[in-house]
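# Examining the three-dimensional arrangement
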Amino acid sequence: MQNPVDKRYQIYNSMFLNLDYQGSETVGHLIPLLSSYAKKHLAEAKSPIEILDSFMETHADLIGENKFGFMFKVIQYVERQVVLFDSVEDSVLPNHLDDDSFLNVKGLFSTLSTEEERDALLEKLNSFKSRIVLTAHPTQFYRPAVLDIIAKLRKHINRNNLDKIDKLLHQLGLTSLVNSHNPTPYDEAMNIIHLCRTYFYDAIGELHSTLKKSFPELDNPKLITLGFWPCGDRDGNPNVNYKTTMNVADALRTSLMKCYYNDLKDLASKLTFKTVESKVTALRDDVYQAMFDTTHIVSHRNIITVLKEVRNEVENKYEKLYIDEIDDLITRLRVFRSHFAALDIRQDHNIHEQTITYVLKNAGKIKESLSELSEKELIKLLVEEKIDIPKTKDADPLVEDTIENIRQLPEIQQKNGERGCHRYIISNSDTIFSVLYVFGLMRWLMPEKDMNFDIIPLFETMEGMKESERVMEQLFNIKPYREHVKRRVDRQTIMLGFSDGTKDGGYMNANWAIHKAKETLTAMCSKHDIEAIFFDGRGGPPARGGGKTHQFYASQGANIPNNEIQLTIQGQTITSKYGTKQKFKFNVEQIITSGLSSYLNPDYALMKHEVRSIIEQLSLKSYNKYLALKNHDKFLPYLEKMSTLKYYSAAKIGSRPTKRGKNKKLTLNDLRAISYVGSWSLLKQNIPGYYGLGSAISEMINEGKEKELKQLYRQVPFFKTLMNNAMMSLAKSYFELTSYTKHNKEFKDFWLMLHEEYQLTKTMMLKIAGLDSLMQEEPTSRQSIESRERIVLPLLLIQNYALQKMAEGGTKHSDIYEKLVVRALYGNINASRNSA
């Protein structure tokens, strides 16, 4: 049966294809024919060149002689079909869900049978925290004008207003979807601040209000908070500097003041009573000034103080009229305070090492290298000695930025409040010095009273996670650092990177390594009377820690604390899962209920030796298979020559380079997880999301462990979640698209190896899950994937046509083929919604 999204899409798509965009009417009529033609002949293992040339020859009377013009027109139509499908799906979902077991917070309380259970869960709700950290990684790049069209389409699709929809579709056809230049870091930040103002401010306020009505005892402003990386995260992005960091801190605060102003303006129109009217209008006018003048700071505490005075008078003198609106605004002020979203700072460990070398060399402590100092001497310098760092003059730009940025952090806290910027994250952490370099720089660049910062190591490689327990143990045994943690109320936040972890160790091995690292770090922190807080660096697809977030956090096991969930929301996921008020509220409430569910029903199965043994074996066997793939001599050449990897930077989709370092030769270590995973996604092979699992499961079944694997899938939620997310990666794969590679002398055997593992993994997954088809228990999500793949097929065909032409050699039309590849990137990535 056709689902409601497809039904509506077909109606509006027929209108869309019949519109004539600047003489392109025939293209709209040919797209459905091209899609079915491609599907048929790709199944016959024909190449994109054979298929597209044959199709254009068959329809030469309609296409004419300008075949390249036809291909570019198809790309323009298809990427707009993707926008239309997004709009239709967003207008229907999340009213139609796969997960029938999902309960909202109120529903979760209804499952409890005793007052004692309810009181315990309410206490948990009052202490539980979640932090949604918004990043600007380059996988979402609709221009603001296009986002505005999407929002209007959603509204009128809900109302079934055909006339308005028709005009918006026409507007969409004439509006460029493509950036004319790379966005600056500030552009990226302002785009996400726009979402904060337009959707997240009201969504969080309304969710608090709804929960408060169900649970009057609820008093937890930290239940849902926002974090913010754009212009704070400078890891691998030389375009971010300390000036843009300060500008974005100001923009966050002034944008929040605009939200407060609108609410105060509304209140002022209602509280027209003699003794309160002047107080509210004066407050409104004060906030109005703070909207535009970055030197005029209005503290959230001052606003709350005045509103509480007004509330008392309304309660005592004016029959409590509009008192709920006052309470709602006070709640919002307690949540967003003076900062809106907490601006995190992130930089790579190697840059800190360069900075420390520069500082100690200028201070006369070393001549050239840190290796001149013993470990003990270096630690003493970092945690005990005081070094004056004057204004930098001759430093490398990254060193200068590191110093001046740390120097200005107390000023950001002075403007936005301590919570507005209180975390410093170190990428590629693998030694105690990853943390101590930052600790030392903070000691030298700010007064001790201003060191109100959590220093957060990011362990993101297999080696880093393996060493994490030893590193943190050593740190806690260094007295000055332990005293710093004590001042931070004995809480240590530790970030674990799913993206680079999976790139480094493979899907199964990385996820299991992260889980074990959380267990050992929790126990070790507890030994030191420190509360471990885990911050998960998760991307969109399963290969980068994405997939079904609710199921993942509900299945964390009894050895991992469930008191706080912190995770990054990246790129497309910001708009696909949180891009409307309704979706934001729904998905955030899922995160809350996943933490509460983990508390109510902790999974003790993961503590059993026999369960851990099976997962450990599966992890090791799959890792060995993935390691063999990484070490294959055709691994990187295949990505470079057969995928879109080298075209990401040309697509003008983000401010950050696609790889770390300046090496001309491509290495896996330098390669960003986003472009790495995204390239496999656009090949429709999704290798990082499952590779090695099929061989590992097959090997274990041959060892007589089929029964145990099936039991794990049925009885251990953590294992089932990992398997289901891998099945999503498989469901998004379409090897027929690249089957022409079987005729490529250089990559034939490599492609056959990949395809064989895909087929084996699919067979093995279905076997242990007892299913007939992938995502069988998630029909709505499966249908969404199928619809998107069907829409985007002509675009994929054209992209691979161009890639195949360039792989064949020759320079004729090479510039046009490159443009086709780059132009097709936009629609392909957006259609996936979590491609990277």
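To continue, consider the pattern of salt bridges. Scanning the model with the defined rule gives 54 salt bridges in all. Asp-90 serves as the salt-bridge partner of Arg-154, at 3.6 Å between the closest nitrogen and oxygen. Residue Arg-154 is located in helix α8 (residues 144-159), and its partner Asp-90 is located in helix α5 (residues 67-92); the two are separated by 64 residues in the primary sequence. For Asp-90, a relative accessible area of 7% puts it in the buried group. Among the ionic pairs, Asp-327 bridges to Arg-311, the shortest N-O distance being 2.5 Å. Of the two residues, Asp-327 is situated in helix α14 (residues 323-336) and Arg-311 in helix α13 (residues 300-317); the sequence distance between them amounts to 16 residues. For Asp-327, a relative accessible area of 24% corresponds to the partly exposed category. Overall, Arg-311 belongs to the partly exposed group, its relative accessible area being 22%.

Turning our eyes to something else, we now look at the sheet that holds strand β8 (residues 531-537). Strand pairing in a sheet is mediated by backbone hydrogen bonds. Such pairs are either parallel or antiparallel. Strand order in the open sheet formed by nine strands is β3-β2-β1-β9-β8-β7-β6-β5-β4, and the pairing between neighbours is parallel. Strand pairing shows two members of the sheet lacking a second neighbour, β3 (342-343) and β4 (345-348), which therefore form its edges. Judged from the four bridges that link them, β4 and strand β5 (residues 423-427) form a sheet pairing that is parallel. The residue bridging Asp-348 from the neighbouring strand is Ser-427, located in β5.

A cluster of basic residues, Lys-155, Arg-159, Lys-164 and Lys-167, forms a positive patch at the surface. When residues of the positive patch are traced back to their parent elements, those giving at least two are α8 and α9 (162-174). Within the secondary structure, Arg-159 sits in helix α8.

With that settled, the discussion passes to the pairing of strand β6 (residues 454-459). Of all six residues in β6, six are buried; the element is thus mostly enclosed. The alternating pattern of β6 places Asp-454, Ile-456 and Leu-458 and Ile-455, Pro-457 and Phe-459 on opposite faces, both of which are buried. Pairing between β5 and β6: four bridges, direction parallel. Note that in β6 the partner of Arg-423 across the bridge is Asp-454. Read as a crossover between parallel neighbours, the route from β5 over helix α18 (residues 432-445) to β6 is right-handed. The pairing of β6 with strand β7 (residues 491-497) spans two bridges and is parallel. What sits directly across from Phe-459, in β7, is Leu-496.

Attention now goes to helix α16 (residues 375-383). Taken together, the buried positions of α16 are Leu-378, Ile-379, Leu-381, Leu-382 and Val-383. Of the surrounding secondary structure, the elements contacted by the buried residues of α16 are α15 (349-362), α18 and α20 (479-487).

By size, the foremost hydrophobic cluster in this structure holds 140 residues, and its most contacted members are Leu-125, Phe-200, Tyr-260, Leu-307, Leu-360, Leu-436 and Met-442. Looking at which element gives the most residues to this core, the answer is helix α11 (residues 242-270), with 13 residues. Sequence-distant contacts of Met-442, that is, excluding residues within four places in its chain, are made with Ile-406, Leu-409, Tyr-424, Met-451, Phe-453 and Ile-455. Of all hydrophobic cores here, the second largest spans 64 residues; its members include Leu-17, Tyr-648, Leu-682 and Val-821.

About the criteria used
- The residue count restarts for each chain, going from 1 along the sequence in the order it is written.
- Local features are withheld for residues below a pLDDT of 70 in this predicted model, meaning they are given only at 70 or higher, and side-chain atom pairs are given and counted only at 80 or more; totals for whole chains, interfaces and linings count all residues.
- Calculation of side-chain values draws on the structure's entire complement of heavy atoms; hydrogens and water are dropped beforehand.
- A side-chain nitrogen of Lys or Arg and a carboxyl oxygen of Asp or Glu constitute a salt bridge if their distance falls within 4 Å.
- Going along the chain from the N terminus, every DSSP run of H or I of four or more residues is numbered as a helix, and every run of E of two or more is numbered as a strand.
- Each residue's exposure class comes from its accessible area (1.4 Å probe, protein chains only) as a fraction of the maximum for that residue type: buried when under 20%, exposed when over 50%, partly exposed otherwise.
- Two strands pair under a simple rule: DSSP has to find at least two bridges between them.
- To count toward a patch, a residue needs a relative accessible area over 30% and no salt bridge; like charges are then connected within 9 Å, while nonpolar side chains (Val, Leu, Ile, Met, Phe, Trp, Tyr) are connected within 5 Å.
- Note on areas: Shrake-Rupley with a 1.4 Å probe; residue coverage comes only from the protein chains shown.
- A positive count includes Lys and Arg, and a negative count includes Asp and Glu. His and the chain ends are not counted in either.
- In this description, the location of a charge corresponds to atom NZ of lysine, CZ of arginine, CG of aspartate or CD of glutamate.
- Here is how to tell: hold the view so the strands point away, follow the path from the first strand over the helix to the second, and if it runs clockwise the crossover is right-handed.
- Should any heavy atoms of two residues lie within 4.5 Å, those residues are counted as being in contact.
- Nonpolar cores are built from buried Ala, Val, Leu, Ile, Met, Phe, Trp, Tyr and Cys residues. Side-chain atoms within 4.5 Å join them into one set.

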